[in-house]
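If you want the building blocks of each chain, they are given just below.
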Amino acid sequence: MCAAQTSTQPAVKDNYAIEARDLNVFYGNFHAVKNINLRIERQKITALIGPSGCGKSTVLRAFNRMNDLVPVARTTGQVLFHGKNIYDPDVDAVEVRRRIGMVFQKPNPFPKSIYENIAWGARINGFKGNMDLLVEESLRGAALWDEVKDKLKQSGYSLSGGQQQRLCIARAIAVKPDIILMDEPCSALDPIATLRIEELMRELVEQYTIIIVTHNMQQASRVADYTAFFMVDDARTGFLVEYGESDQIFTKPKDRRTEDYITGRFG
Amino acid sequence: MVSQQNDFLKNVTREQLRQIFIGAERWSEIDPSWPDTPILRFIPGADSGTLDFFVAQVFGDSLDDLPKADLLAILTANVSAGRLRALNAERAVVERTREEILELVITEIVRPAIVESWSLTESIFQRPAIEAEVAAIPNAVMEFRSWLTWDFITSPQSSDPATAGVFTAILGSLWVTLIAFLVSVPLGVGAATYLEEFSKGSKLDGLIETNINNLAGVPSIIYGMLGLAVFVRFFGQITSGIAFGMADPSTANGRTILSAGLTLGLLILPLVIINAREAIRAVPKALREGAYGLGATKWQTVWSHVLPYALPGILTGVILSVSRAFGETAPLIVVGVSTFIVVNPDSPFAKFTTLPVQIYQWTSRPQEEFQRLAAAGILVLLVLLLAVNATAIFLRNRFSRRY
Ligand SMILES: Nc1ncnc2c1ncn2[C@@H]1O[C@H](COP(=O)(O)OP(=O)(O)OP(=O)(O)O)[C@@H](O)[C@H]1O
Ligand SMILES: [Mg+2]
């Protein structure tokens, strides 16, 4: 399967973590995004920005076949992950999602203990090692260990919103994915909690490739190495306008529409 | 009281009478002038008042005040030898306490019968009239009697309203409901899970769905007919236990607890499914996505997150359904519940009656006493239903508090 060839075989031609080629997503008859070509760099943070409804979440979810869960959704084009199209018929979506984890807009811990929240994902993926160690390691990785180490048996719901979101990040890194997708992970959080998550992302990017959808331009310019700007056409179909290093996108965008958007002229 | 032939018995003292009654074997033992022949006692039958009256006359006392020895003597002298042996086999009569023997004397010899009964309002407001009526009945005692007693709950059915109870019916109800529960819950939750989580929306699934919704509205008597045709008749070999060698092929038939439980299980199955689907549908999308996002399969997601989260809701549906099964009467009558049964059911292949059916039968009897029994039975039914529901609600709340 697509996963096994990766880290053991360094002879991968491209240097990208994941790549979309002519990606189109439809919801029933509605053409949600069209002809997306996007190369995501390894161990960098890439931000997807754009006005509401332009298909940022749709593209993000296309990267780990989360759209498969929407019965009416249909995807064409390719998403290459380690040189393999994850939409090929012989690829198992479950395996894809194990390698490409996801953190959602609203914190959604499982209604279980903090410990179980992290252990469950590892266990279903066949983790056989020392679970206590893995839980601690993951919680440390998500900068949550010190706050919860004395109450691992308590419900994940007993935590604050920001802590819950970090628990979800810890849960995602416990299965050791290659890529972590984050769909507006801070939009439900206060500024201080947001800042902590942003710091955390900078730490995580040492090991992981992160793709984040955000509404917040400052956030994108603060944390993202690369930024992709999306827009909608007259048929409300989303498309990619401009993609490049964040510095360039936010200081000297090549496209007029990008400039208009980041300077707040529309959107 | 005295046989015509024993004409020597003219002037008998109370003391002599006492001896005749309880101790002596031969007439001569009491008075040497009497013949040396064995005393043949008349054993009072059901016309119990006689003994009571006699005891009061002879002993100048009521039974309640007699010492153990006298009670024992009365007992041994007045029950048949066979019955005495049976009693001794249970536990040696001499070793029993005075109170136990008194009770035996009353149930075995005195055998009080209810001649007439009045309702609570009548007892309160028409007391003088009732007292007058009682006075007109020979040997009658007026007694305030609660029909709902511990004896009522722990005794089997009987044709005598004074001793009839609901124990057999309670056991029958519990057995039948248990089987209905065991059949409908796994099947119902499984079907709901399939329809909500795994169904691809095929034509067949659509047909199943429509049918389930329709079946929930089918009158229960129709399920009774189905149960009769399928479980009692067609699968009679299995439901009677003959196929497992648990019943005698020459007498057994499919009108058993198993048939009734399966019928009620089918009856409540649509209810369980509909409620479980509702509960599963209410599971937040975010919870499923969280699981899928970690690389969980559909089955892992459903088993570890969807079903536990939906469990309180599913349980609510199960509570409603099981209560319905517990109180259901019509289909059981069709399936062939026993009309009169005193043997406690001990296996799924046993004959049975249930509490609602028992109540129904009592209400259809002409004697007023049975109507009172029915009222007491209804109270027991209500309390049991409340208890079942309370337990289930307690369990449900325990499950939901975890989240
Ligand atoms: N499950 C769905 N079924 C039908 N249409 C959908 C579905 N999900 C999204 N869409 C449509 O697809 C388009 C893109 O949606 P998407 O959620 O990707 O936008 P977005 O850029 O993430 O917006 P936002 O910033 O508001 O989150 C929208 O027009 C939306 O209405
Ligand atoms: Mg979105």
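Quantities reported herein were computed from a predicted structural model and do not represent experimental measurements.

Attention shifts here to the side chain of Glu 369 of chain B. All names here are of chain B. Along the polypeptide, Glu 369 turns up in helix 19 (residues 368–401). This buried residue, Glu 369, is left without a salt bridge; Arg 372 holds the nearest opposite charge, at 6.5 Å. Not counting residues within four places of it along the chain, the set of residues in contact with Glu 369 comprises Ile 114, Glu 116, Ser 117, Trp 147 and Pro 161.

Across the contact, 17 residues belong to chain B and 24 residues belong to chain A. Across the chain B to chain A interface the summed buried area is about 1700 Å²; carbon plus sulfur atoms make up 67%. Summed over the three residues of chain B that lose the most area to chain A, namely Glu 289, Leu 294 and His 305 of chain B, the buried surface amounts to 35% of that side. Inspection of the chain B/chain A interface yields one salt bridge. With a shortest N-O distance of 2.9 Å, Glu 289 of chain B and Arg 61 of chain A are connected by a salt bridge. Summed over the shared surface of chain B and chain A, the result is five residue pairs in polar contact (both at pLDDT 80 or more). Taken together, the elements giving at least two residues each to the side of chain B that touches chain A come down to helix 15 (285–292) and helix 16 (298–327) of chain B. Here the side of chain B that touches chain A gets six residues from one element, more than from any other, and that element is helix 15 of chain B. Across the side of chain B that touches chain A, the residue classes break down as eight nonpolar, seven polar and two charged.

What follows is about a nonpolar patch on the surface. Together, Phe 234, Phe 235, Ile 238, Phe 244 and Met 246 of chain B give the surface a local cluster of nonpolar side chains, amounting to about 550 Å² of exposed area. Examined against the element boundaries, Phe 234 of chain B turns out to sit in helix 12 (residues 220–234).

The subject of this paragraph is the site of ligand 1. Residue and element names in this part refer to chain A. In the neighbourhood of ligand 1, 14 residues make up the surrounding shell, with Ser 52, Gly 53, Lys 56, Ser 57 and Thr 58 lying closest. The side chain of Ser 57 places a nitrogen or oxygen atom 2.6 Å from an oxygen atom of ligand 1. Contact between ligand 1 and Thr 58: an oxygen atom at 2.4 Å from a side-chain N or O atom of the residue. Ranked by the residues each element gives to the shell around ligand 1, the list is headed by helix 1 (residues 56–62), at three residues.

Summed over the entire model, instances satisfying the criterion amount to 27 salt bridges over all chains. Between Glu 198 of chain A and Arg 222 of chain A there is a salt bridge, and its shortest N-O distance comes to 2.7 Å. On the criterion of sequence distance, the pair formed by Glu 198 of chain A in helix 7 (residues 191–204) and Arg 222 of chain A in helix 8 (residues 217–223) is long-range, its members being 24 residues apart. With relative accessibility at 4%, the residue Glu 198 of chain A sits in the buried group. Residue Glu 278 of chain B pairs with Arg 281 of chain B through a salt bridge whose shortest N-O separation is 3.9 Å. In this pair, Glu 278 of chain B and Arg 281 of chain B both sit in helix 14 (residues 257–281), three residues apart, roughly one turn of the helix.

To continue, consider the confidence of the model for chain A. Residues and elements named next belong to chain A. Here chain A shows a mean pLDDT of 90. Residues at 70 or above account for 94%. Of all the helices and strands in chain A, helix 10 (residues 256–262) carries the lowest mean pLDDT, 89, while strand 8 (residues 209–213) carries the highest, 96. Scored below 50 in pLDDT, residues 1–12 makes 14 contacts in the model with residues more than four places away or belonging to other chains.

Attention now goes to helix 4 (residues 131–141) of chain A. Residue and element names in this part refer to chain A. Residues of helix 4 that are buried: Met 131, Leu 134, Val 135, Ser 138 and Leu 139. One side of helix 4 holds all its buried residues, which, seen down the axis, span an arc of 125°. The N-terminus of helix 4 is capped by Asn 130, whose side-chain oxygen sits 3.0 Å from the backbone nitrogen of Asp 132. At the exit of helix 4 stands Ala 143, carrying a positive phi of roughly 55°.

Our focus in this paragraph is helix 7 of chain A. Residue and element names in this part refer to chain A. Taking 1.5 Å per residue as the helical rise, helix 7 with its 14 residues ought to reach 20 Å, and the 20 Å between its terminal C-alpha atoms agrees with that figure. Inspection of helix 7 places Ala 193, Thr 194, Ile 197, Glu 198, Leu 200, Met 201 and Leu 204 among the buried residues, and these make up the whole buried set. The arc that holds the buried residues of helix 7, viewed along the axis, is 160°, so those residues lie on one side. For helix 7, exposure combined with an orientation more than 90 degrees from the buried face picks out Pro 191 and Ile 192. If you follow the buried residues of helix 7, they end up packed against strand 3 (45–49), helix 4, helix 6 (161–174), strand 7 (179–183), strand 8 and helix 8. A distance of 3.0 Å separates the backbone nitrogen of Ile 192 from a side-chain oxygen at the start of helix 7, and that oxygen is part of Asp 190.

What follows covers the confidence of the model for chain B. All names here are of chain B. Per-residue confidence for chain B averages 81 on the pLDDT scale, and 83% of its residues sit at or above 70. By mean pLDDT, the top-scoring element of chain B is helix 14 (94), and the lowest-scoring one is helix 3 (residues 49–59) (55). Ignoring residues within four places in sequence, the model shows residues 1–5, a span with pLDDT below 50, making three contacts including any to other chains. Counting contacts from residues 42–48, a segment whose pLDDT is below 50, to residues more than four positions away or on other chains yields 13 contacts. Both confidence scores are given for the complex: pTM 0.75, ipTM 0.88.

Residues and elements named next belong to chain B. Structurally, the position occupied by Val 94 is in the loop between helix 5 (81–90) and helix 6 (98–110). Residue class for Val 94 comes out exposed when judged on its relative accessible area of 53%. It is 9.9 Å that separates the C-alpha atoms of Val 94 and Thr 76, two residues lying 18 residues apart in sequence. If we skip the residues at most four places from it in the chain, Val 94 touches Lys 68 and Leu 72.

Summed over all chains, the structure comprises eight aromatic pairs over all chains. Between Phe 152 of chain B and Trp 362 of chain B, the ring centres sit 5.9 Å apart and the planes meet at 35°, which makes this aromatic pair tilted. In this pair, Phe 152 of chain B is assigned in helix 9 (residues 150–154) and Trp 362 of chain B in helix 18 (residues 355–363), connecting sequence segments 210 residues apart. By relative accessible area, which is 2% here, Phe 152 of chain B ends up buried. The class for Trp 362 of chain B is buried, based on a relative accessible area of 0%. Each residue in the set Phe 198, Trp 299 and Trp 303 of chain B is aromatic and connected to the rest through ring pairs, giving one cluster. The cationic tip of Arg 171 of chain A hangs over the ring face of Phe 110 of chain A; the distance from NZ or CZ to the ring centre is 4.4 Å. Sitting above the plane of the Phe 370 of chain B ring, Arg 365 of chain B keeps its charged end 4.1 Å from the centroid.

Cut-offs applied
- Residues numbered from 1 in each chain as written.
- Chains lettered and ligands numbered in written order.
- Predicted model: local features only at pLDDT ≥ 70, side-chain atom pairs only at ≥ 80, totals over all residues.
- Heavy atoms only, no water.
- Helix = DSSP H or I, 4+ residues; strand = E, 2+ residues; numbered from the N terminus.
- Buried < 20%, exposed > 50% of the residue type's maximum accessible area, 1.4 Å probe, protein only.
- Lys, Arg positive; Asp, Glu negative; His and termini not counted.
- Salt bridge = Lys/Arg side-chain N within 4 Å of Asp/Glu carboxyl O.
- Contact = heavy atoms within 4.5 Å.
- Buried area = accessible area lost by both parts, 1.4 Å probe.
- Polar contact = N/O pair within 3.5 Å; in protein donor to acceptor, adjacent residues only side chain to side chain.
- Nonpolar A, V, L, I, M, F, W, Y, C, P; charged D, E, K, R; others polar.
- Patch = residues over 30% accessible without salt bridge, like charges linked within 9 Å, V, L, I, M, F, W, Y side chains within 5 Å.
- Areas by Shrake-Rupley, 256 points an atom, 1.4 Å probe, with all protein chains shown as cover.
- Near = heavy atom within 4 Å.
- pLDDT = per-residue confidence, 0-100.
- Arc of directions from axis to C-beta.
- Expected span 1.5 Å × (residues − 1).
- Phe/Tyr/Trp six-rings, centres within 6.5 Å; stacked < 30°, edge-to-face > 60°.
- Lys NZ or Arg CZ within 6 Å of the ring centre and 35° of its normal.

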